[in-house]
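Chains, contacts and geometry: an overview
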Amino acid sequence: MGNLVKNYNRKKISFMKGKGSYLYTSKGIKYLDFVQGIAVNSLGHAHPRLIKTINNQSKKLWHVSNAFQIPEGEKLAKKLCKKTFASYVLFQNSGTEATEAAIKVARRYFYSIGKPKKNRILCIKNSFHGRTLAAIYASGSKKMTEGFGPKVTGFDHFKFGDHNSLKKKINKNTAAIMVEPIMGEGGIKVIPDWCLRGLRNLCNKKNILLILDEVQCGIGRSGDFFAFEKSRVKPDIVPIAKGIGGGFPIGAVLMNKRAASGMTAGTHGSTFGGNPLAMQIGNEVLDIISNKKFLKSVKKNSEYFHKQLRDLKNKFPGLIKEVRGRGFLIGLQLYKDQTVFINDLMKNKLLTIRAAENVVRILPPLNVKISELNQAIKILNKVCLKHK
Ligand SMILES: *Cc1c(COP(=O)(O)O)cnc(C)c1O
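Residues numbered from 1 in each chain as written. Predicted model: local features only at pLDDT ≥ 70, side-chain atom pairs only at ≥ 80, totals over all residues. Heavy atoms only, no water.

1. Quick look at the site of the ligand
Taken together, S94, G95, T96, F128, H129, G130, E180, D213, V215, Q216 and K242 are the residues near the ligand. In the environment of the ligand, an oxygen atom lies 2.8 Å from a nitrogen or oxygen atom belonging to the backbone of T96. Within the contact set of the ligand, an oxygen atom lies 2.7 Å away from a side-chain nitrogen or oxygen of Q216. Protein chains bury 83% of the 380 Å² of accessible surface belonging to the ligand in isolation. Taken together, the residues that form the shell around the ligand break down as two nonpolar, six polar and three charged. (Near = heavy atom within 4 Å. Polar contact = N/O pair within 3.5 Å; in protein donor to acceptor, adjacent residues only side chain to side chain. Areas by Shrake-Rupley, 256 points an atom, 1.4 Å probe, with all protein chains shown as cover. Nonpolar A, V, L, I, M, F, W, Y, C, P; charged D, E, K, R; others polar.)

What follows is the structure, given as structure tokens:
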């Protein structure tokens, strides 16, 4: 590993194989994987239908330029639009490309209607929208932007839950408000439905586009296809990524007609975005996850798991401060730094990952089995006993 840039603080472990909810080291040691590539492997490892899809498509066609029609992408876009608020889809390869493209779409719309100065994007302070230059400045995080100046301008920030600061930061040049309905990296903080509705009303009143970043909380992760659905709000632009590829890199921006109207030929592009191999995989993942029965089981199983976690919190009130999140986007907030706790879970063969605010993030695959959830609770209970 000596030649890899040291930008990650990696754990001293690697895996050779994965199956469903489990990862295996080269020595065959089995770990319950409740990281799943950070909400990426939505269907667990080595799902048979995805293996079949990738095998079949790999024999036909991997990549062609977006200079040509790509029927596999047309098909995926059609399905996504049929299921959601969207009328148009733009394919990318990652989350940060999707959020950047979302920003471009919003700015381009106002430019195209003769309001080029209406270009500022309002975001939550210390949110997460990815790691490209614009995305780190969108996050408003000191840590992520340090040393990467000059600053990318055009972003304003308000504090999570602070309605006064939100209203104060809006001005006539605000083009879009961009928030995660459930903040992932930020500590699994859910924006309440009534706040999302308030945001929508505010945007309508001030002629602002609403961008909901569903890169982490979308594609069934919350128990609904999109986390915002429960609020019955209709956003204008929604970047997605992580879960839609089931482990294959895919990003996309969903948008309504109005938002899409500025994106005329030549305004944006991506060499890899939307290639036939990626699109076939996206089609298969979407077919599995968007099935009503599937989402019902995500809701039911995750509610069961949340109940177990709440019981754990009641059993260890001095250790666990809060059980956060929805569906299988879960945060266990501790009263203390979570590093050692996460390492102890790993020693007991349960993989989890940190988020801000002392949160242990728990991300099972959406098709996790009840027996696997029970196994996780057992391990959590054991580690809580040690830490209480
Ligand atoms: C992960 C994430 C991103 C960035 O995705 P990448 O694929 O890492 O570029 C953007 N927004 C949210 C909410 C995320 O969780």
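2. Remarks on helix α3 (residues 71-83)
In a regular helix each residue adds 1.5 Å, so 13 residues correspond to 18 Å; α3 covers 18 Å between its end C-alpha atoms and thus fits that length. Three or more residues of α3 are buried, namely E72, G73, L76, A77, L80 and C81. For α3, the angular spread of buried residues about the axis comes to 165°, placing them on one side. Set apart from the buried face of α3 by more than 90 degrees, the exposed residues are P71, E74, K78 and K82. In this fold, the buried residues of α3 make contact with α2 (48-60), β4 (88-92), β11 (237-240), β12 (251-255) and α10 (276-289). (Helix = DSSP H or I, 4+ residues; strand = E, 2+ residues; numbered from the N terminus. Expected span 1.5 Å × (residues − 1). Buried < 20%, exposed > 50% of the residue type's maximum accessible area, 1.4 Å probe, protein only. Arc of directions from axis to C-beta. Contact = heavy atoms within 4.5 Å.)

3. A few points about the environment of K296
Residue placement: K296 occurs in helix α11 (residues 292-315). Residue K296 is classed as exposed on the basis of its relative accessible area of 65%. Spatially, the C-alpha atom of K296 lies 25 Å from that of E322, the residues being 26 residues apart in sequence.

4. Considerations on the sheet that holds strand β13 (residues 320-326)
Pairing is antiparallel in the open sheet, where four strands are placed in the order β13-β14-β17-β16. For this open sheet the edge positions go to β13 and β16 (353-355), each flanked by a neighbour on one side alone. Within the sheet, the average angular offset between the axes of one strand and its neighbour, ignoring direction, is 30°. The pairing of strand β14 (residues 329-334) with strand β17 (residues 359-362) spans four bridges and is classified as antiparallel. Among the inter-strand pairings, G331 is bridged to a residue of β17, identified as R361. Here α11 sits on the sheet in contact with β13, β14 and β17, set at roughly 170° to β13. (Pairing = 2+ DSSP bridges. Axes fitted to C-alpha atoms, helices over the stretch in contact; angles between N-to-C directions.)

5. Focus on the pairing of strand β7 (residues 174-179)
For β7, the tally of buried residues reaches six of six residues, placing the bulk of the element in the interior. Two strands pair when backbone bridges link them, and strand β5 (residues 120-124) and β7 are joined in this way by four bridges, in the parallel orientation. Among the inter-strand pairings, R120 is bridged to a residue of β7, identified as T174. Across four bridges, the pairing between β7 and strand β10 (residues 209-212) is parallel.

6. Observations regarding the side chain of N93
Along the chain, N93 turns up in the loop between β4 and α4 (95-112). N93 gets classed as buried once you look at its relative accessible area, which sits at 19%. Of the polar contacts made by the side chain of N93, one reaches the side chain of S270; its length is 3.3 Å. Among all residues touching N93, those that are not within four sequence positions of it are P249, I250, G251, S270, F272 and G273.

7. Section: the pattern of salt bridges
Counted according to the given criterion, the structure contains 13 salt bridges. In this structure, the salt-bridge partner of K299 is D224, at a minimum N-O distance of 2.8 Å. With K299 in helix α11 and D224 in the loop between β10 and β11, this pair connects stretches of sequence that are 75 residues apart. Note that R324 and E322 form a salt bridge whose closest N and O atoms lie 3.2 Å from each other. The class for R324 is buried, based on a relative accessible area of 10%. (Salt bridge = Lys/Arg side-chain N within 4 Å of Asp/Glu carboxyl O.)

8. Quick look at the nonpolar core
I177, L254, F305, L309 and L380 are the most contacted members of the largest nonpolar core, which has 79 residues in total. Of all the elements, α10 adds the most residues to this core, at eight residues. Counting only domains with at least three residues in this core, you end up with domain 1 (17-47 + 294-387) and domain 2 (49-289). Other than its neighbours up to four places away in sequence, L380 contacts L309, L312, L332, F341, L345, L350 and I362. Of all hydrophobic cores here, the second largest spans 27 residues; its members include A134, M144, V253 and A260. (Core = buried A, V, L, I, M, F, W, Y, C linked by side-chain atoms within 4.5 Å. Domains from an automatic or database assignment.)

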